[in-house]
Amino acid sequence: MADSHASAAPKASSAQRSEPRTSEEFSAGARVGVLLPLPLAGVYDYLVPEETSLSPGDIVEAPLGKRVLTAVVWGAGAGDVAESKLKTLLGRFAVPPLPEAERRFIDWVADYTLAPPGAVLRMALSAPQALQPPAPRRALVAAAAPEDMKITPARQRVLAAAADGFARPAAELAREAGVSAGVLKALVKAGALREVELAPARHFPLPDPATLGPKLSKAQGAAAAALRATLAECGFSVTLLDGVTGSGKTEVYFEAVAAALEAGRQVLVLLPEIALSAAWLKRFETRFGVRPAVWHSEVGHAERKRAWRAVAEGEARVVVGARSALFLPYAELGLIVVDEEHEAAFKQEDGVIYQARDMAVVRAKLGAFPIVLVSATPSLETLVNVEAGRYGHLELPERHGGALQPAVELVDLRRVQPEKIALASGEKLQSWLSPPLRQAISETLAAGEQGLLFLNRRGYAPLTLCRACGHRLQCPSCTAWLVEHRLTGRLQCHHCGFAAPLPKVCPGCEAADSFAACGPGVERLEEELRALYPEARIGVMSSDSITGPAMAERFLAAVQNHELDLVIGTQIIAKGHHFPMLTLVGVVDGDLGLAGGDLRASERTYQLLHQVAGRAGRAERPGKVLLQTTDPANPVMQALAAGDRDAFFRREIEARKEHRNPPFARLAAVIVSGPDADALDAFCGRITKAVPRDGGFEVHGPAPAPLAVLRGRHRRRFLLRCRRELHIQTLLRRWLAGLRPPGAIRLQIDVDPYSFM
């Protein structure tokens, strides 16, 4: 496809020739295909500007209408538009071209997810300010002072400080000599100092792979040697590093990182949670002497600019980040590690919908280098690939240092119900902690140890209703109940962000002060613990109370330094943390997450509870886990109590196979949304009529999504299921070809859906 606007004359630009160049070059006036970072159908033809040559991967400025966009040369032009109608590119940015493997990856992701290639490219060009050359670094150095120059005490101090011949930035020299900037300017004007330009600052020092890490156990050493061997083979491979919680998996894959660094390759480590990076960064710095480049949504613009450019130029040798770090333009990527590979957080649900773990495997294959998937509770998809021989498998069956796995005890809430708490005011507070769990907390505190109470529910209460008429407070833009956050005194929707104060009068019956909080959230649990254990030091870790990596680091340090006795946490504290004095884990609502029609509900619940249980007893003191449940016979609960992970996963795999669910079939969701329900249903009728009758697949729906209204938009879902060997993207294209959503209706495709909301 070509840009049909009239040709524009070249103009001055900051974009310059960049190195290294590729073998294929297009000279001035040639027609090139350019991919724009927009959700368009394909590449557009442009002309190469005068006195310029371009190669595939060059990042350029492309005029489009009245705008100028950052774009990438994708190859030769299609030639389907007359040259007289083509616009001329405005120049090239002075950055390395997007590597061939990265361009192939963008095309692959677009084809797999049925997203426009330009939308995928936009993720790779996510730091446009990095394309501008860094500001020059200037410094001052001593020169021969004129004989007739007046020497004041201030000038004498400057000349003495500069006498060693080293170039110093003006601010540093002024500070060292104790003078103002005016003194330096006068010396420069007099010729006693001269200005020089320094080499660009190195923001990411080289990690030292030779730094000795902790002594590895026999099992760790064998696994590390196996990973080093895969690096030495210099080819694509996928290895599952499968170890129980506390077995030291991180130190093992650090050996693979060291091997990649020794081979002169870059490394990407993907983590599912931003909060995990604080503890991980400390461990990395201890092992390699420096911190790596960090990439996630909380990184500021200046740091993103430095990191993106350092990755492209090969300066940043190790990157740790969230899923978006996968699309950075690595110059010499040679290893990917996906830590906690089972985590649903690796699935992006907005914009380009993709599973970062699976796309990371593709990126490694396109780059012909190894990838390591790490987990104590691997995903079923990964385990099936291991069984089929597609992935290698390394096991760490024991905790490092001889620590024992914690004992897991089920507390049947049907038989042992929580007792109400008598407050000093005489009121009785509803309790959510059973007598066995209360006793275990008391014993833990008496022993000078720490306890963790896990409840994966933010806020004070998940539901607020009127005592008089039962009216429930619902989000005005979503089919979701408002969650009370008592600390801020507001009700909040966790889906669209709507917030409002608790009303004084019920909208349903006009009763005053009649609203009651129903069900526990972490804030409600904190209130109960403070009433029961007034002397205990209590902290809450949730995404409401911990708003970034720095705050997470401070909180985790407080736990590790035993500045807190009891910790209340949601899933962000469930994994990746080591607290030597934490010996008790209490799961307040073990059944949370099992309800609903999500085919991965049991798998996810088992993984989450197994991970949080693994926080207990990781040092020399034994750990204990009490898991409150109303369904102790559930296979998830039985597997946790028995410590039989493999039996649980075998049963889940057989159930998936029997019901033709992934990974033994292919699924794709088609989500249609719009502000008007009638118009939406009419369009869904058109989609239903377009289903091919001989398509070799089945389509369910349309049905209202569980969140039938989200951010003011009505939502309907179709679910396509087909055999594993069929190409689901071809089926989707055949089905949806020619169906253009009218008006404000949007259509999204989610290949391999993880969320069914």
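Bear in mind that the values here come from a model prediction, so they are computed numbers and not experimental data.

Caption draft 1: Fine view of the overall build of the protein chain. Tallying secondary structure elements over the protein chain gives 19 helices and 33 strands in all. Expected size for 757 residues packed as a compact globule is a radius of gyration near 27 Å; at 30 Å, the protein chain falls within 12% of this value. Dimensions of the protein chain, computed from C-alpha atoms along their principal axes, come out at roughly 95 × 75 × 65 Å. Buried residues in the protein chain amount to 53% of all 757 residues. Summarising the internal contacts of the protein chain: among those between residues at least 6 apart in sequence, 75% fall at separations of at least 24. If you sum the accessible surface of the protein chain, you get close to 32900 Å²; carbon and sulfur atoms cover 53% of it. Side-chain charges of the protein chain comprise 89 positive and 83 negative groups, with the mean position of each set lying 3 Å from the other.

Caption draft 2: Spatial organisation of the pairing of strand E11 (residues 318-321). Here E11 shows two buried faces, one formed by Val318 and Val320 and the other by Val319 and Gly321. Here strand E9 (residues 266-270) pairs with E11 via four bridges, running parallel. Following the sheet pairing, Leu270 is matched in E11 by Gly321. The sheet contact formed by strand E10 (residues 293-295) and E11 spans three bridges and is parallel. Paired with Ala293 across the bridge in E11 is Val319. Regarding topology, helix H9 (residues 301-313) serves as the crossover connection from E10 to the parallel E11, and that connection is right-handed.

Caption draft 3: Focus on the sheet that holds strand E24 (residues 499-501). The sheet built from three strands is open, its strands ordered E22-E23-E24 with antiparallel pairing. Edge positions in the sheet fall to strand E22 (483-485) and E24, since each has one partner strand and no second. This sheet shows a mean twist of 30 degrees between the axes of neighbouring strands, independent of strand direction.

Caption draft 4: Seen up close, the side chain of Asp565. Along the chain, Asp565 falls in the loop between helix H14 (549-560) and strand E27 (566-569). Setting aside chain neighbours within four positions, we find Asp565 in contact with Leu445, Glu449, Gln450, Gly451, Glu535, Ala536 and Arg537.

Caption draft 5: The sheet that holds strand E4 (residues 67-76), seen in detail. The sheet built from five strands is open, its strands ordered E2-E1-E4-E3-E5 with antiparallel pairing. The open sheet has two free edges, formed respectively by strand E2 (44-47) and strand E5 (91-92), since each of these has just one partner strand. Where strand E1 (residues 31-35) lies against E2, four bridges are found, and the strand directions are antiparallel. Bridge pairing in E2 links Gly33 to Asp45.

Caption draft 6: Quick look at the layout of surface pockets. Its volume calculated, the second largest pocket comes out at about 1000 Å³. Around the second largest pocket, the lining is made up of 26 residues, and of these Leu114, Ala115, Pro116, Leu747 and Ile749 lie nearest the centre. Breaking the lining of the second largest pocket down by element, the ones donating at least two residues are helix H1 (100-113), helix H2 (117-124), helix H19 (728-736) and strand E33 (746-751). Of the residues assigned to the lining of the second largest pocket, the class counts are 18 nonpolar, four polar and four charged.

Caption draft 7: Looking closely at the packing of aromatic side chains. By the definition in use, this model includes 14 aromatic pairs. Ring plane angle 80 degrees and centroid distance 5.7 Å describe the contact between Phe254 and Trp280, whose orientation is recorded as edge-to-face. Taken as a pair, Phe254 in helix H7 (residues 249-262) and Trp280 in helix H8 (residues 277-288) lie far apart in primary sequence, 26 residues in all. According to the relative accessible area criterion, Trp280 is buried, its value standing at 5%. Note on Phe254 and Phe288: the rings are 5.5 Å apart at their centroids and 70 degrees apart in plane angle, and the pair reads as edge-to-face. On the criterion of sequence distance, the pair formed by Phe254 in helix H7 and Phe288 in helix H8 is long-range, its members being 34 residues apart. Of the two residues, Phe254 and Phe288, both sit in the buried class. In textbook terms, an aromatic cluster arises when at least three aromatic residues are bridged by ring pairs, as seen for Tyr253, Phe254, Trp280, Phe284 and Phe288. Here Arg600 stacks its cationic end above the ring of Tyr754, 3.8 Å away from the centre of that ring.

Caption draft 8: Quick look at the confidence of the model for the protein chain. Confidence in the prediction of the protein chain, expressed as mean pLDDT, is 87, and 91% of residues score 70 or more. Counting interchain partners and residues more than four positions distant, the pLDDT-below-50 stretch residues 1-22 has 74 contacts.

Caption draft 9: Spatial organisation of unusual backbone geometry. Here the residue pair Pro662 and Pro663 is connected by a cis peptide bond, since its omega of 10 degrees sits within 30 degrees of zero. Locating Pro663 in the fold gives a position in the loop between helix H17 (645-658) and strand E30 (665-674). Residue Pro702 is bonded to the preceding Gly701 through a cis peptide linkage, with omega at 10 degrees. For Pro702, the position within the fold is in strand E31 (residues 697-710). Unusually for a residue other than glycine, Glu340 sits at a positive phi of about 55 degrees. According to the relative accessible area criterion, Glu340 is buried, its value standing at 9%.

Caption draft 10: Spatial organisation of the environment of Met359. Counting through the fold element by element, Met359 comes out in helix H10 (residues 356-367). Its relative accessible area of 3% is what places Met359 among the buried residues. Distance from Met359 to Leu413, taken between C-alpha atoms, is 42 Å for residues 54 residues apart in sequence. Among all residues touching Met359, those that are not within four sequence positions of it are Phe105, Trp108, Val109, Tyr112, Leu326 and Tyr354.

Caption draft 11: View of the pattern of salt bridges. As enumerated under the stated definition, the model contains 35 salt bridges in all. One salt bridge connects Arg317 with Glu332, and the closest N-O pair in it is separated by 2.9 Å. Of this pair, Arg317 sits in the loop between H9 and E11 while Glu332 is found in the loop between E11 and strand E12 (333-339), placing the two residues 15 residues apart along the sequence. What makes Arg317 buried here is its relative accessible area of 12%. The partner of Arg660 in a salt bridge is Glu698, and the shortest N-O contact between them spans 3.1 Å. Pair noted here: Arg660 is in the loop between H17 and E30 and Glu698 is in strand E31, with a separation of 38 residues, a long-range link. The network of salt bridges with shared partners includes Arg228, Glu255, Glu262 and Arg287.

Caption draft 12: Seen up close, the packing of H1 against H2. Direction vectors running N to C along H1 and H2 enclose 135 degrees, while the axes themselves pass 8 Å from each other. Considered as vectors, H1 and H2 are oriented oblique to each other. By crossing handedness, the relation of H1 to H2 is classed as right-handed. Across the interface between the two elements, Glu102, Ile106, Asp107, Val109 and Ala110 of H1 pack against Pro117, Val120, Leu121 and Ala124 of H2. In terms of residue class, the contact of H1 with H2 is built from seven nonpolar, no polar and two charged.

Caption draft 13: The arrangement of the environment of Pro692 in detail. Relative to the assigned elements, Pro692 resides in the loop between helix H18 (677-689) and E31. Among the residues examined, Pro692 registers a relative accessible area of 14% and is labelled buried.

Caption draft 14: Spatial organisation of helix H3 (residues 153-162). Among all positions in H3, only Ala154, Arg155, Val158, Leu159, Ala161 and Ala162 are buried. On an axial view of H3, the arc spanned by its buried residues comes to 160 degrees, and they lie on one face. With respect to the buried face of H3, the exposed residues turned more than 90 degrees away are Pro153 and Ala160. For H3, the secondary structure elements touched by its buried residues are strand E6 (137-142), helix H4 (170-177), helix H5 (181-190) and strand E7 (193-198).

Cut-offs and rules
- Residues numbered from 1 in each chain as written.
- Predicted model: local features only at pLDDT ≥ 70, side-chain atom pairs only at ≥ 80, totals over all residues.
- Heavy atoms only, no water.
- Helix = DSSP H or I, 4+ residues; strand = E, 2+ residues; numbered from the N terminus.
- Rg over C-alpha atoms; globule rule 2.2 N^0.38 Å.
- Buried < 20%, exposed > 50% of the residue type's maximum accessible area, 1.4 Å probe, protein only.
- Contact = heavy atoms within 4.5 Å.
- Areas by Shrake-Rupley, 256 points an atom, 1.4 Å probe, with all protein chains shown as cover.
- Lys, Arg positive; Asp, Glu negative; His and termini not counted.
- Charge placed at Lys NZ, Arg CZ, Asp CG, Glu CD.
- Pairing = 2+ DSSP bridges.
- Right-handed = clockwise from strand over helix to strand, strands pointing away.
- Axes fitted to C-alpha atoms, helices over the stretch in contact; angles between N-to-C directions.
- 1 Å grid on protein atoms, 1.4 Å probe; cavity = no way out; pocket = protein on both sides within 12 Å on 5 of 7 lines; lining within 4 Å.
- Points joined across faces, edges and corners; volume = space filled by probe spheres on them.
- Nonpolar A, V, L, I, M, F, W, Y, C, P; charged D, E, K, R; others polar.
- Phe/Tyr/Trp six-rings, centres within 6.5 Å; stacked < 30°, edge-to-face > 60°.
- Lys NZ or Arg CZ within 6 Å of the ring centre and 35° of its normal.
- pLDDT = per-residue confidence, 0-100.
- Salt bridge = Lys/Arg side-chain N within 4 Å of Asp/Glu carboxyl O.
- Parallel < 35°, antiparallel > 145°, perpendicular 65-115°, else oblique.
- Left-handed = near helix turned anticlockwise from the far one by under 90°.
- Arc of directions from axis to C-beta.

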